[in-house]
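Each chain is listed here by its residues.
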Amino acid sequence: MDFLNAIVALANYVLIPGIAYGSQLALGALGVTLVYGILRFSNFAHGDTMALGAMSAVLITWLFQSWGISLGPLPTALLALPFAIVITIGLLLFTDRTVYKFYRVKKAKPVILVIVSLGITFIYNGVTRFIIGPNDQNFLDGERFIIKARTFKEMTGLREGLAFKTTQGITIVTAIVVVIALFWFLNKTRSGKSMRAYSDNEDLALLSGINPERVVMITWMIVAALATIAGVLYGLDKSYKPLTYFQLLLPIFASAIVGGLGSPVGAIAGGFVIAFSEVTVTYAWKKVLVYLMPENLEPSGLVQLLSTDYKFAVSFGILLIVLLVKPTGLFKGQSV
Amino acid sequence: MNETIKNTMLFGIVAGLIVIVGYMQNWSSALYIVQMGLVSAIMALGVNLQWGFAGLFNVGIMGFVALGGLAAVLVGMKPTPGAFEAGGWGVIGALLLGAGTIFATILLVKNLPKGRLRTLIVLAMLVTGFFVFRSLLDPSVSLIEKINPAQYGYLGGINPGDGKVGENYDLFVLLAWPLGGLFAAGAAWIIGKTALGLRSDYLAIATLGIAEIIIAILKHEDWLTRGVKNVIGIPRPVPYELTLQNNPDFVERAASLGFDPVDASTLWVKVLYIVLFLIVLLILLWMSQRALHSPWGRMLRAIRDNEVAAEAMGKDVTARHLQVFILGSAVCGIAGAMMTTLDSQLTPGTYVPLRFTFLIWVMVIVGGSGNNLGSVLGGFLIWFLWVQVEPMGLWLMEQITSGMADGSALKEHLIDSAAHMRLLTMGIVLLLVLRFSPRGLIPEK
């Protein structure tokens, strides 16, 4: 019984939140890694792209709610998602046409593009704050839980409850669907194959008649979709606040680098590595250990390795270790 | 047009703008712009050292600036009575032990043969080291934080002064400026050691991370900085306004110049700060100029323009990068300490990357990367814009909304949002300069 309780506590506080957070990071890191693979620069504006995409979803959700449209037990935001993606695609394509294209044609150094993306960060951030303000916004509706802690306790008779939030379920399912669709696209379709060819060897791809502008356009469209989905899922699961998306940049970049920049599989693996390290290192293990240890050995403290205030330090620590030990990442990325 | 004339004109225009603020608003805000312009110029000089000289991309300026602020607290404040006896040695011991563990691990990694055994030993060592570190640190920290939390609850600094804050000025706090530089240099060394020599983007991401972590430490380690409770009343290196107003000589002199004693004292204090800052700026500017024209500076630019060729000529690229990265960060640390001295308080909550990292980048790029004078100009100009765009934006919004009905939701929203205009403006300024005049206002020669 104690062992079961320990497992339930572990699932409740570590596994489920870790998987949900990992999916969000993986989607974010996929966007970063695609931009890196095709356009060959680290896109610092990705966090704020997520914020802007999520903001469009928030606004459309509010509009739907005012019209009385809802998805029943599911959050209305899911219905708003496709529209938000279209808006974000438009925004990114516009940004590419007006800003990035100039430097691409000039074959500017990647670091210049990084600075340009900083400028874009500024602008996106300003636009987001201008439209929706810097504060927390709530756009979650529908059923809050798939399994409630109390129902679970009554059902199983265990002392520990297991809560499974709707948003966590949606995050995991959406992430799986998106990743399958993305890999199908990259591996099976003509456009996906031309993207991979372009990423592997630009000159060869050009020689075989691949239109670079088309590849770039498709990349931005996919990145916009990924960023919006990641942003909305994160906003639903935690809460929507523009500044937090900028702070997500660090774990997202860490995920992409740990997995190997430019490698989509790596981005997903990296997302889960970072998420689980963050959750396990900042979780107070007492609750689990109480069930596993004999009574006289029960820990007196919280058995928390680091306070949650330092969750950035975890992604950063892993990032440093990877840079020192294996700068190409777990799955061989493009960079050294 | 001759270059000197053009540069003088550009500086003249910025000076003119500030004078206009003095006439239109008041001289106190004009002098404040000059003060912060000087601090910004120093930060921009530091970033220019890294970016302009060597092409290193540092997105963690905020962290280095905040470390300078920490130095101002540690030097400026008096030690908290009893704190050191309670837990000071425990904390220092724990920190030394933590550093020792990492050092020993590095030695082990270097000396043991590669293999599973080494990995196991290293892991075991790090894990034990971490737990011993925590078991030493935690009790000492809670002892320190228990001492009169409403007023202290932290270790305090090392200032031996009389502690009559608000009456006498205290030159001891000036020591914080070089110390802030040292702190920043230390952090830069750690980052540089790991991230330099890899792709240029990696340094950017690593610096982004270290900045977030430094701010997290300042916010949450109450024993060190009181965290979000802020440290206030850091002694000033210049006289206090009240002391001046009580000084009959000063009042008499002010009156003879036709000034009200209150106004005169505020202005005089600001002028004194400006003199101090100007001295630091001139020293650093002179040093940067010498560095730029020295063989070392030429080597750095050669590396920046063609790393492969420089390496083939026998230059140690990574070592030079590390050097200049540390130097530039140290300059940012000095500026951070100066800023905290100016504010007389450390408020970790106010350190946000948009203000302390990206704004400095806009200064460097707009001023002219690779040119020290350009950085100084950019520092003043962009700080001026940063301060003035908000009232301008508000005015603009009021013009736009003047036709709308009072109390309409859109009007209120637009006027409330005017405060966010400056982010947008800075972003647009950065992009426009990068696109149409990538070499900046005063280009590199």
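Residues numbered from 1 in each chain as written. Chains lettered and ligands numbered in written order. Predicted model: local features only at pLDDT ≥ 70, side-chain atom pairs only at ≥ 80, totals over all residues. Heavy atoms only, no water.

### Here we look at the overall build of chain A
Stage number 1. Helix and strand counts for chain A come out as 14 helices and 2 strands.
Stage number 2. Against the 2.2 N^0.38 benchmark of 20 Å for 336 residues, chain A shows a C-alpha radius of gyration of 21 Å, consistent with a compact globule.
Stage number 3. By principal-axis analysis of the C-alpha atoms, chain A measures approximately 70 × 55 × 35 Å.
Stage number 4. Scored against the burial criterion, the 336 residues of chain A give a buried share of 57%. (Helix = DSSP H or I, 4+ residues; strand = E, 2+ residues; numbered from the N terminus. Rg over C-alpha atoms; globule rule 2.2 N^0.38 Å. Buried < 20%, exposed > 50% of the residue type's maximum accessible area, 1.4 Å probe, protein only.)

### Considering the overall build of chain B
Stage number 1. Counting secondary structure elements, chain B contains 18 helices and 2 strands.
Stage number 2. Taking 22 Å as the expected radius of gyration for a compact globule of 445 residues, we find that chain B reaches 24 Å, a close match to that expectation.
Stage number 3. Seen along its three principal axes, the alpha-carbon backbone of chain B occupies a region of about 75 × 60 × 55 Å.
Stage number 4. The 445 residues of chain B split such that 52% are buried.
Stage number 5. Long-range pairs, those at least 24 residues apart, make up 81% of the contacts in chain B between residues at least 6 apart in sequence.
Stage number 6. Here chain B contributes 29 positively and 27 negatively charged side chains, and the mean placements of these two sets differ by 12 Å. (Contact = heavy atoms within 4.5 Å. Lys, Arg positive; Asp, Glu negative; His and termini not counted. Charge placed at Lys NZ, Arg CZ, Asp CG, Glu CD.)

### So, the nonpolar core
Stage number 1. If you look at the biggest cluster of nonpolar residues, it comprises 227 residues, and the most contacted ones within it are L27, F44, M195, W220 and Y240 of chain A together with F57 and Y351 of chain B.
Stage number 2. Examining the composition of this core, we find that 17 residues originate from one element, helix α2 (residues 27-54) of chain B, more than from any other.
Stage number 3. Beyond its immediate sequence surroundings of up to four residues, L27 of chain A is in contact with A175, V178, L226, I229, A230 and L233 of chain A.
Stage number 4. Counting 8 residues, the second largest nonpolar core, distinct from the first, contains V8, A11, F152 and L158 of chain A. (Core = buried A, V, L, I, M, F, W, Y, C linked by side-chain atoms within 4.5 Å.)

### Considerations on a positive patch on the surface
All names here are of chain A.
Stage number 1. There is a patch of like positive charges on the surface, built from K188, R190, K193, R196 and R214.
Stage number 2. It is helix α7 (residues 190-200) that provides the largest number of residues to the positive patch, a total of 3 residues.
Stage number 3. Take R190: it is sitting in helix α7.
Stage number 4. According to the relative accessible area criterion, R190 is exposed, its value standing at 77%. (Patch = residues over 30% accessible without salt bridge, like charges linked within 9 Å, V, L, I, M, F, W, Y side chains within 5 Å. Areas by Shrake-Rupley, 256 points an atom, 1.4 Å probe, with all protein chains shown as cover. Salt bridge = Lys/Arg side-chain N within 4 Å of Asp/Glu carboxyl O.)

### Looking at the packing of aromatic side chains
Stage number 1. For the structure on display, the rule yields 22 aromatic pairs over all chains.
Stage number 2. Pairing F246 of chain A with F358 of chain B gives two aromatic rings, centres 5.9 Å apart and planes at 85 degrees, and the pair type is edge-to-face. Placement of F246 of chain A in helix α10 (residues 242-247) and of F358 of chain B in helix α15 (residues 353-367) is noted, with the two residues assigned to different chains.
Stage number 3. Residue class for F246 of chain A comes out buried when judged on its relative accessible area of 4%.
Stage number 4. Classification of F358 of chain B by relative accessible area gives buried; the value is 2%.
Stage number 5. Each ring, one from Y23 of chain B and one from W27 of chain B, has its centre 5.3 Å from the other, and the planes form 70 degrees; the classification is edge-to-face.
Stage number 6. Under the relative-accessibility criterion, Y23 of chain B is labelled exposed at 65%.
Stage number 7. Put simply, the rings of Y13, Y283 and W285 of chain A touch in pairs and so form one group of aromatic residues. (Phe/Tyr/Trp six-rings, centres within 6.5 Å; stacked < 30°, edge-to-face > 60°.)

### Brief notes about the interface of chain A and chain B
Stage number 1. Across the contact, 49 residues belong to chain A and 49 residues belong to chain B.
Stage number 2. Overall, the association of chain A and chain B removes approximately 4,500 Å² of surface from exposure, summing both partners, and the carbon and sulfur fraction of that is 78%.
Stage number 3. Put simply, chain A and chain B have 0 salt bridges between them.
Stage number 4. If you look at where chain A meets chain B, you find 11 residue pairs in polar contact (both at pLDDT 80 or more).
Stage number 5. Only α3 (77-105), α4 (110-132), α10, α11 (249-259) and α14 (311-325) of chain A provide two or more residues apiece to the side of chain A that touches chain B.
Stage number 6. It is α4 of chain A that contributes the most residues to the side of chain A that touches chain B, 17 residues altogether.
Stage number 7. Across the side of chain A that touches chain B, the residue classes tally to 38 nonpolar, 8 polar and 3 charged. (Buried area = accessible area lost by both parts, 1.4 Å probe. Polar contact = N/O pair within 3.5 Å; in protein donor to acceptor, adjacent residues only side chain to side chain. Nonpolar A, V, L, I, M, F, W, Y, C, P; charged D, E, K, R; others polar.)

### Thoughts on the layout of surface pockets
Stage number 1. Computed from the structure, the second largest pocket encloses a volume of approximately 1,000 Å³.
Stage number 2. Contributing to the lining of the second largest pocket are 37 residues, with K109 and V111 of chain A together with W51, G55 and R304 of chain B lying nearest its centre.
Stage number 3. Looking at the lining of the second largest pocket, the elements that each hand over two or more residues are α4 of chain A together with α2, α7 (200-220), α12 (295-305), α13 (307-312) and α14 (317-343) of chain B.
Stage number 4. Split into classes, the residues belonging to the lining of the second largest pocket amount to 20 nonpolar, 7 polar and 10 charged. (1 Å grid on protein atoms, 1.4 Å probe; cavity = no way out; pocket = protein on both sides within 12 Å on 5 of 7 lines; lining within 4 Å. Points joined across faces, edges and corners; volume = space filled by probe spheres on them.)

### Quick notes on α14 of chain B
Residue and element names in this part refer to chain B.
Stage number 1. Given a rise of 1.5 Å per residue, 27 residues ought to cover 39 Å, and the 39 Å separating the end C-alpha atoms of α14 matches this to within 8%.
Stage number 2. Across the 27 residues that make up α14, a large majority, 22, are buried.
Stage number 3. Of the residues one or two after α14, S344 is the one with positive phi, at around 60 degrees. (Expected span 1.5 Å × (residues − 1).)

### Overview of the pattern of salt bridges
Stage number 1. All chains considered together, the criterion is met by 10 salt bridges over all chains.
Stage number 2. Among the salt bridges present, the one from K165 of chain A reaches D237 of chain A, with a minimum N-O distance of 3.7 Å. Taken together, the residues span a long stretch of sequence, with K165 of chain A in strand β2 (residues 164-165) and D237 of chain A in helix α9 (residues 212-237) at a distance of 72 residues.
Stage number 3. Given the relative accessible area of 9%, D237 of chain A is considered buried.
Stage number 4. One salt bridge connects D305 of chain B with R304 of chain B, and the closest N-O pair in it is separated by 3.2 Å.
Stage number 5. Connected through shared salt-bridge partners, D96, R104 and E213 of chain A make up one network.

### Description of the packing of helix α16 (residues 372-401) of chain B against helix α17 (residues 409-417) of chain B
Residue and element names in this part refer to chain B.
Stage number 1. At a closest axis distance of 8 Å, the pairing of α16 and α17 adopts a crossing angle of 165 degrees. As summarised for this structure, α16 and α17 are arranged roughly antiparallel, according to the angle between their axes. Read as a crossing pair, α16 and α17 show a hand that is right-handed. Of the residues in α17, those in contact with L394, M397, E398 and T401 of α16 are K411, L414 and I415.
Stage number 2. For the contact of α16 with α17, the per-class residue count stands at 4 nonpolar, 1 polar and 2 charged. (Axes fitted to C-alpha atoms, helices over the stretch in contact; angles between N-to-C directions. Parallel < 35°, antiparallel > 145°, perpendicular 65-115°, else oblique. Left-handed = near helix turned anticlockwise from the far one by under 90°.)

### Things to note about the environment of N48 of chain B
All names here are of chain B.
Stage number 1. Note that N48 resides in helix α2.
Stage number 2. The exposure class of N48 is buried, given its relative accessible area of 0%.
Stage number 3. With sequence-adjacent residues up to four places away left out, N48 is seen in contact with F53, V364, G368, S369, G370, N371, N372 and S375.

### Details of the packing of helix α3 (residues 61-76) of chain B against helix α6 (residues 176-195) of chain B
All names here are of chain B.
Stage number 1. Put simply, α3 and α6 touch, their axes get as near as 8 Å, and they point 135 degrees apart. As judged from the angle between their axes, α3 and α6 are oblique. The interaxial crossing formed by α3 with α6 has right-handed handedness. Two secondary-structure elements touch here, α3 through F64, L67, G68, L70, A71, A72, L74 and V75 and α6 through A176, L179, G180, F183, A184, A187 and A188.
Stage number 2. When the residues that make up the contact of α3 with α6 are grouped by side-chain class, the tally is 13 nonpolar, 2 polar and no charged.

### Some remarks on the side chain of D141 of chain A
Residues and elements named next belong to chain A.
Stage number 1. In this structure, D141 sits in the loop between α4 and β1 (145-147).
Stage number 2. One buried charged residue, D141, forms no salt bridge at all, with the nearest opposite charge on R144 at 10 Å.
Stage number 3. For D141, the side chain forms a polar contact with the side chain of Q65, separated by 2.7 Å.
Stage number 4. Reaching out from D141, the side chain makes a polar contact with the side chain of T76 at a distance of 2.4 Å.
Stage number 5. Setting aside anything within four residues of it in sequence, one finds D141 in contact with Q65, L74, P75 and T76.

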